[in-house]
Amino acid sequence: MSSDGFISIRNVGKSFGSFRAIESISMDIQQGEFFSLLGASGCGKTTLLRMLAGFETPSQGEIFIDGQPMSDVPPFERPVNMVFQNYAIFPHLNVRDNIAYGLRKQRLPKAKRNAMVDEMLDLVQLAGYGDRKADELSGGQRQRVALARALILKPKVLLLDEPLGALDKQLREQMQLELRRLQRSVGITFVFVTHDQEEALTLSDRIAVMQGGDVLQVDTPNALYEQPRTRDVASFIGTMNFLDGRVLSRVNGHTKLDIDAVGEIDIPTPHPAIVEGDRLSLAIRPEKIVLHRAAPDGPAMQGNLEMTSYLGERSHFHIRVPGCVEPMAVSAQNADLGEIRALEEGAPVWLSWHDDALIVLDGK
Ligand SMILES: Nc1ncnc2c1ncn2[C@@H]1O[C@H](COP(=O)(O)OP(=O)(O)OP(=O)(O)O)[C@@H](O)[C@H]1O
Ligand SMILES: [Mg+2]
C-alpha cells in the first residue's frame, strides 16, 4: 500500500481500555507544510502526535511517513523529532551541550560537531549564549534551545506539542514569528499542536480542527474562516452568527429560503446540503453585516441595539433580533460607521448583508 502525503494517516484510531481517545482518522500532511492540530483540551491532539512519534501504538489503521509504514518502526528510528510542551532541557548542562545532546551517539569529529552547534545557535538567535547554564535562561530562550536541540538532528518531521504554552503573551507572539521563520528556513515538515485558534491561524499552512477524538475539517486558515463546513467548526474559529430556516425551492441555481428571523431570501449558490423542504442553518461573520438606522432595500433583519464596545479602530455591537436565540454580533470599522456611531442602546437598527456573506452549513 502506498500513501499520498509525506505523512499519511489512514483510518487511525486509539482506545485506552474501553475509552475511545481517537476515532478513525484519515488525512495527509505534505512535505514542508506547517500543519496544526487545533482543538479543545482532551480532544486527542497529544495522542495523535504521540502515535506519529511512535510513543503510542494505534489500535487500528496505519501511519506512513515518507512512503514507509511506521507500525514496526520504533520511535528512535522514525524520521521525526518531538518538542514537548514543558521544554525538557537539562538545567545542569550549558546551552551548547544541551543542543549537542542528541549528537552524542553519532561519534562526530569535535570540529564538525561544534560547527553544527554554531549553526543552530545562529538559527535560533542565541549566538553568544553557548556557555550559559540552561537554568540561567529566560523561558523563551529555553524554548529556543529545545528547538535547536531537535533541529540539529535534521529530522524530516518536527512534532511540536504546545511548544509555546508556557510563555506569556508577548513572548509567545515573538516566538510564533520565530517559529514560522525557522520552519521556512529549514523547510522541514512541522506538525504543531495548539488549542489557541489565533496561533493556529497565524502560523499554519493548513489546520486540522479536532473535537472529541475526531477531525472535523482540514483546511487552510482562510478556508476554515470563510467556509467552515459545520456549526462546530464555525463556532470554534472566531465569532460567528447563526440563522435557522427552511428551504422553499431551488430554481436555476438560486435557492429560496425562509429564514426564521428574516423571512424569504434568495441565495445564489446551490449547495449539496440544500434539499427542498429541509431545515437548514446559515452562518454569517460579524464583519459581513451592515448596520442601518432605517430599513434598507432588500432583505434585512430588524432588531434593537443591546450593547456597544468601542475598540478604537473598530466597534463591536450586540443586536437583539426577534427569532434569534443569541444576539447578533456585528463588527465594523469606526471610520465607516457614520450615523450608526451615535446610536443609543435600545435603539432600533436594521441589519443587511451581501449575498456571498451567508455560509450554508452541513447539518441542521
Ligand atoms: N494513557 C492514557 N490512558 C487513558 N486515557 C488517556 C491516556 N492518554 C490520554 N488519554 C485520554 O485521551 C483523551 C485525549 O487526550 P490527549 O492528551 O490526546 O488530549 P489533548 O487534546 O492533547 O488535550 P490537552 O489540550 O489538554 O493537552 C483524554 O480524554 C485523555 O484523558
Ligand atoms: Mg495535549
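Think of each chain on its own: its residues are numbered from 1, step by step along the sequence as written. Working convention: letters from A go to chains and numbers from 1 go to ligands, in the order in which they are written. Local features in this predicted model are restricted to residues whose pLDDT is 70 or higher, and side-chain atom pairs enter the listing and the counts only when it is 80 or higher, whereas totals over whole chains, interfaces and linings include all residues. Hydrogens and water molecules were not included; the side-chain quantities draw on all heavy atoms of the structure.

## Here we look at the nonpolar core
Where a protein is soluble and globular, its nonpolar side chains tend to be buried together.
Reasoning step 1: By size, the foremost hydrophobic cluster in this structure holds 34 residues, and its most contacted members are Ile 99, Leu 147, Leu 158 and Leu 160.
Reasoning step 2: When contributions to this core are tallied by element, the ones reaching two or more residues are helix H2 (95-100), helix H3 (110-123), helix H4 (139-151), strand E7 (157-161), helix H5 (169-186) and strand E8 (189-194).
Reasoning step 3: At six residues, the largest contribution of residues to this core is made by H4.
Reasoning step 4: For this analysis, residues touch if any pair of their heavy atoms sits within 4.5 Å. Those residues in contact with Leu 158 that lie beyond four places of it in its chain are Asn 81, Val 83, Leu 147, Ala 150, Leu 151, Ile 188, Thr 189, Phe 190 and Val 191.
Reasoning step 5: The next biggest cluster of nonpolar side chains, apart from the first, holds 32 residues, and it includes Val 247, Ile 259, Ile 265 and Ala 347. Take the buried residues of types Ala, Val, Leu, Ile, Met, Phe, Trp, Tyr and Cys, join any two whose side-chain atoms come within 4.5 Å, and each joined set is a nonpolar core. Only protein chains enter the accessibility calculation, which uses a 1.4 Å probe. A residue is then buried if its area is under 20% of the maximum for its type, exposed if over 50%, and partly exposed in between. Here a helix means four or more residues in a row that DSSP labels H or I, a strand means two or more in a row labelled E, and each is numbered from the N terminus.

## Section: the sheet that holds strand E1 (residues 7-16)
Reasoning step 1: Paired strands are those between which DSSP finds at least two bridges. If you trace the four strands from one edge of the open sheet to the other, you get E2-E1-E4-E5, paired in antiparallel fashion. Only two strands of the sheet have a single neighbouring strand rather than two, namely strand E2 (19-29) and strand E5 (68-69).
Reasoning step 2: Bridging between E1 and E2 involves seven bridges; their strand directions are antiparallel. Paired with Val 12 across the two strands is Ile 25, which belongs to E2.
Reasoning step 3: Interaxial angles span 0 to 180 degrees and are taken between N-to-C directions of axes, which are lines fitted to C-alpha atoms, for helices over the stretch in contact. The strands touched by helix H1 (residues 45-53) within the sheet are E1, E2 and strand E4 (60-65), with E1 carrying the most contacts at an inclination of about 120°.

## Some remarks on the pattern of salt bridges
Reasoning step 1: Counted as salt bridges are all cases of a side-chain nitrogen of Lys or Arg within 4 Å of a carboxyl oxygen of Asp or Glu. Inspection of the entire model under this criterion finds 19 salt bridges.
Reasoning step 2: The shortest N-O distance in the salt bridge between Arg 10 and Asp 28 comes to 2.8 Å. Of this pair, Arg 10 sits in strand E1 while Asp 28 sits in strand E2; the two residues are 18 residues apart in sequence, bridging distant segments of the chain.
Reasoning step 3: Ionic pairing is found between Glu 33 and Arg 206, a salt bridge with its closest N-O pair at 2.5 Å. One end of the pair, Glu 33, is in the loop between E2 and strand E3 (34-38); the other, Arg 206, is in strand E9 (residues 206-211), and 173 residues separate them in sequence.
Reasoning step 4: Salt bridges sharing common partners tie together Lys 14, Arg 50 and Glu 56.

## Remarks on the site of ligand 1
Reasoning step 1: Looking at ligand 1, the residues that line it are Phe 16, Phe 19, Ala 21, Ala 40, Ser 41, Gly 42, Cys 43, Gly 44, Lys 45, Thr 46, Thr 47 and Glu 162.
Reasoning step 2: Polar contact criterion, stated in full: a pair of N or O atoms within 3.5 Å, where within protein one must be able to donate a hydrogen and the other to accept it, and residues adjacent in sequence count only if both atoms are side-chain atoms. Within the contact set of ligand 1, an oxygen atom lies 2.7 Å away from a backbone nitrogen or oxygen of Gly 42.
Reasoning step 3: Take Thr 46: an N or O atom from its side chain is 2.8 Å from an oxygen atom of ligand 1.
Reasoning step 4: Look at ligand 1: alone it shows 640 Å² of surface, and the protein chains cover 59% of it.
Reasoning step 5: Going through the elements one at a time, E2 and H1 are the ones with two or more residues in the shell around ligand 1.
Reasoning step 6: Counting residues per element, the shell around ligand 1 draws most heavily on H1, at three residues.
Reasoning step 7: The nonpolar class holds Ala, Val, Leu, Ile, Met, Phe, Trp, Tyr, Cys and Pro. Asp, Glu, Lys and Arg form the charged class, and all remaining residues, Gly among them, are polar. Classifying every residue of the shell around ligand 1 gives five nonpolar, five polar and two charged. Residues are classed as near a molecule or strand on a simple rule: at least one heavy atom within 4 Å of it. In short, Shrake-Rupley with a 1.4 Å probe defines the accessible areas, and a residue's cover is counted only from the protein chains shown.

## Some points on the pairing of strand E16 (residues 301-310)
Reasoning step 1: For E16 and strand E19 (residues 348-353), the ladder comprises four bridges, and the chain directions are antiparallel. Opposite Gly 303, over in E19, you have Val 349 as the bridge partner.
Reasoning step 2: In this sheet, strand E17 (residues 314-320) lies alongside E16 in antiparallel orientation, the contact comprising six bridges. What sits directly across from Ser 309, in E17, is His 316.
Reasoning step 3: Hairpin remark: E16 followed by E17, antiparallel, with three residues in the connecting loop; positive phi at Gly 312, about 85°.

## Structural notes on the domain arrangement of the protein chain
Reasoning step 1: Residue ranges assigned to each domain were obtained from an automatic or database domain assignment. You can read the domains of the protein chain as domain 1 (7-227) and domain 2 (239-360).
Reasoning step 2: Relative to domain 2, the C-alpha centre of domain 1 lies at a distance of 40 Å.
Reasoning step 3: Every contact between the two is made by four residues of domain 1 and, on the other side, four residues of domain 2.
Reasoning step 4: Carbon and sulfur atoms supply 33% of the area that domain 1 and domain 2 bury against each other, a total of about 360 Å² over both sides.
Reasoning step 5: Considering only the side of domain 1, the residues that lose the most area to domain 2 are Tyr 225, Glu 226 and Gln 227, jointly responsible for 97% of the buried surface there.
Reasoning step 6: The interface formed by domain 1 and domain 2 holds one salt bridge in total.
Reasoning step 7: Between Glu 226 and Lys 288 there is a salt bridge, and its shortest N-O distance comes to 3.0 Å.
Reasoning step 8: Linking domain 1 with domain 2 are three residue pairs in polar contact (both at pLDDT 80 or more), by the criterion used here. For any pair of parts, buried area is found by adding up, for both, the accessible area (1.4 Å probe) each one loses once the two are put together.

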